[in-house]
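The chain contents come next:
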Amino acid sequence: KNQVEQSPQSLIILEGKNCTLQCNYTVSPFSNLRWYKQDTGRGPVSLTIMTFSENTKSNGRYTATLDADTKQSSLHITASQLSDSASYICVVSALGAGSYQLTFGKGTKLSVIP
Amino acid sequence: DGGITQSPKYLFRKEGQNVTLSCEQNLNHDAMYWYRQDPGQGLRLIYYSQIVNDFQKGDIAEGYSVSREKKESFPLTVTSAQKNPTAFYLCASSKRETNTGELFFGEGSRLTVL
């Protein structure tokens, strides 16, 4: 069964500090992995997509990594801001599957405090 | 600006009542989806539609119904048969042919059963 596990479940950090969120998956065959940011009470918004051939991709202060061999991805946030407080959801697509067959993680809830 | 509009943002229902959640998109996307989000759980697919006048059940379709009479609209009805309807409901859309996992989400509708 395809699964996506995220850790930690929740995280509290001080403003200005860095943090790393983890995503492990068993989806096979792998097509791509996407990180979404979901503010409280809002819809998720895509941050970045990682395909099989990509190891690292940055989007501002967000840097995603992918190790397709170990089936792990991480999202690193640099110099955190209060606006980074949100849930971060890892979503994995299987090769040949439709967009209605995505596997969602449960998310990591990040709280950035002053 | 293109996007997805969900309404209402908050909805209260008495037990035994049906309610309909609205979802409209102006992104010219063929595919539309309804997800349910509960605390501590990943998004779960209720229904999806890849083309007008056609839709398919997702993982948790029982107690829900949808229609797709127009490309832009994909309303969800939560019927009295849904035993635990209190949840956050998210509508999304995507290009039909994509498998990049990029879904564009609405702002969500929170349904509370009194």
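Data block above holds the structure.
For clarity, every value in this text was computed on a predicted model and none was experimentally measured.

## Comments concerning the state of the cysteines
Then, number 1: One pass over the full model with this rule turns up two disulfides over all chains.
Then, number 2: Residue pairing for Cys23 of chain A: its cysteine sulfur links by disulfide to Cys90 of chain A, the two sulfurs lying 2.0 Å apart. Judged by the sign of its S-S torsion, about -70 degrees, the cystine formed by Cys23 of chain A and Cys90 of chain A is left-handed. Remark: Cys90 of chain A occurs in strand E9 (residues 86–94) and Cys23 of chain A occurs in strand E3 (residues 19–25); sequence separation between them is 67 residues.
Then, number 3: Two residues share a disulfide in this structure: Cys23 of chain B and Cys91 of chain B, whose sulfurs sit 1.9 Å from each other. With the S-S dihedral at roughly -75 degrees, the linkage between Cys23 of chain B and Cys91 of chain B falls on the left-handed side. You can see Cys23 of chain B sitting in strand E3 (residues 19–25) and its partner Cys91 of chain B sitting in strand E9 (residues 87–94), a full 68 residues away along the chain.
Then, number 4: Given a relative accessible area of 0%, Cys91 of chain B falls into the buried group.
Then, number 5: Here Cys19 of chain A is not cross-linked by a disulfide; its sulfur's nearest cysteine counterpart is in Cys23 of chain A, at 15 Å.
Then, number 6: The buried category is assigned to Cys19 of chain A, whose relative accessible area is 5%.

## Things to note about the side chain of Thr103 of chain A
Then, number 1: Note on placement: Thr103 of chain A falls in strand E10 (residues 103–104).
Then, number 2: When neighbours within four sequence positions are excluded, Thr103 of chain A is seen to be in contact with Asn2, Gln3, Val4, Val27, Cys90, Val91 and Val92 of chain A.

## Overview of the sheet that holds E3 of chain B
Residues and elements named next belong to chain B.
Then, number 1: Reading across the sheet, the four strands line up as E1-E3-E8-E7 and stay open at both edges, with antiparallel pairing between neighbours. The strands lining the two open edges of the sheet, one partner per strand, are strand E1 (4–7) and strand E7 (64–66). Strand after strand, the sheet turns through a mean of 20 degrees between neighbouring axes, direction not considered.
Then, number 2: Pairing of E7 with strand E8 (residues 76–78), which is carried by three bridges, proceeds in the antiparallel orientation. Each bridged residue has a counterpart across the sheet, and for Val66 the counterpart in E8 is Leu76.

## Side note on the interface of chain B and chain A
Then, number 1: Contact residues are listed per partner, giving 23 residues for chain B and 24 residues for chain A.
Then, number 2: Summed over both partners, the interface of chain B with chain A buries about 1800 Å², with 48% contributed by carbon and sulfur atoms.
Then, number 3: Counting across the interface, chain B meets chain A through one salt bridge.
Then, number 4: A salt bridge links Arg42 of chain A to Glu107 of chain B; the nearest nitrogen and oxygen atoms lie 2.1 Å apart.
Then, number 5: Counting only elements with at least two residues in the side of chain B that touches chain A, the list comes to strand E4 (31–37), strand E5 (44–51) and E9 of chain B.

## Some words on the sheet that holds strand E7 (residues 62–67) of chain A
All names here are of chain A.
Then, number 1: On the basis of which strands lie adjacent, the open sheet formed by five strands has the order E1-E3-E8-E7-E6 and antiparallel pairing. The strands lining the two open edges of the sheet, one partner per strand, are strand E1 (4–7) and strand E6 (56–59). Direction aside, neighbouring strands of the sheet carry axes that sit 15 degrees apart on average.
Then, number 2: Two strands pair when backbone bridges link them, and E7 and strand E8 (residues 72–77) are joined in this way by six bridges, in the antiparallel orientation.

## Structural notes on the pairing of E9 of chain B
Residues and elements named next belong to chain B.
Then, number 1: Burial analysis of E9 places eight of its eight residues in the buried class, which makes it a mostly covered element.
Then, number 2: Pairing between E4 and E9: seven bridges, direction antiparallel. What sits directly across from Arg36, in E9, is Tyr89.
Then, number 3: As defined by bridge partners, E9 adjoins strand E11 (residues 109–113) across three bridges and the pair is classed as antiparallel. What sits directly across from Tyr89, in E11, is Ser109.
Then, number 4: Relative to strand E10 (residues 104–105), E9 runs antiparallel, the two being bridged by two bridges. Across the sheet, Ser93 pairs through a bridge with Phe104, a residue of E10.

What counts as what
Residues numbered from 1 in each chain as written. Chains lettered and ligands numbered in written order. Predicted model: local features only at pLDDT ≥ 70, side-chain atom pairs only at ≥ 80, totals over all residues. Heavy atoms only, no water. Disulfide = S-S within 2.5 Å. Helix = DSSP H or I, 4+ residues; strand = E, 2+ residues; numbered from the N terminus. Buried < 20%, exposed > 50% of the residue type's maximum accessible area, 1.4 Å probe, protein only. Contact = heavy atoms within 4.5 Å. Pairing = 2+ DSSP bridges. Axes fitted to C-alpha atoms, helices over the stretch in contact; angles between N-to-C directions. Buried area = accessible area lost by both parts, 1.4 Å probe. Salt bridge = Lys/Arg side-chain N within 4 Å of Asp/Glu carboxyl O.

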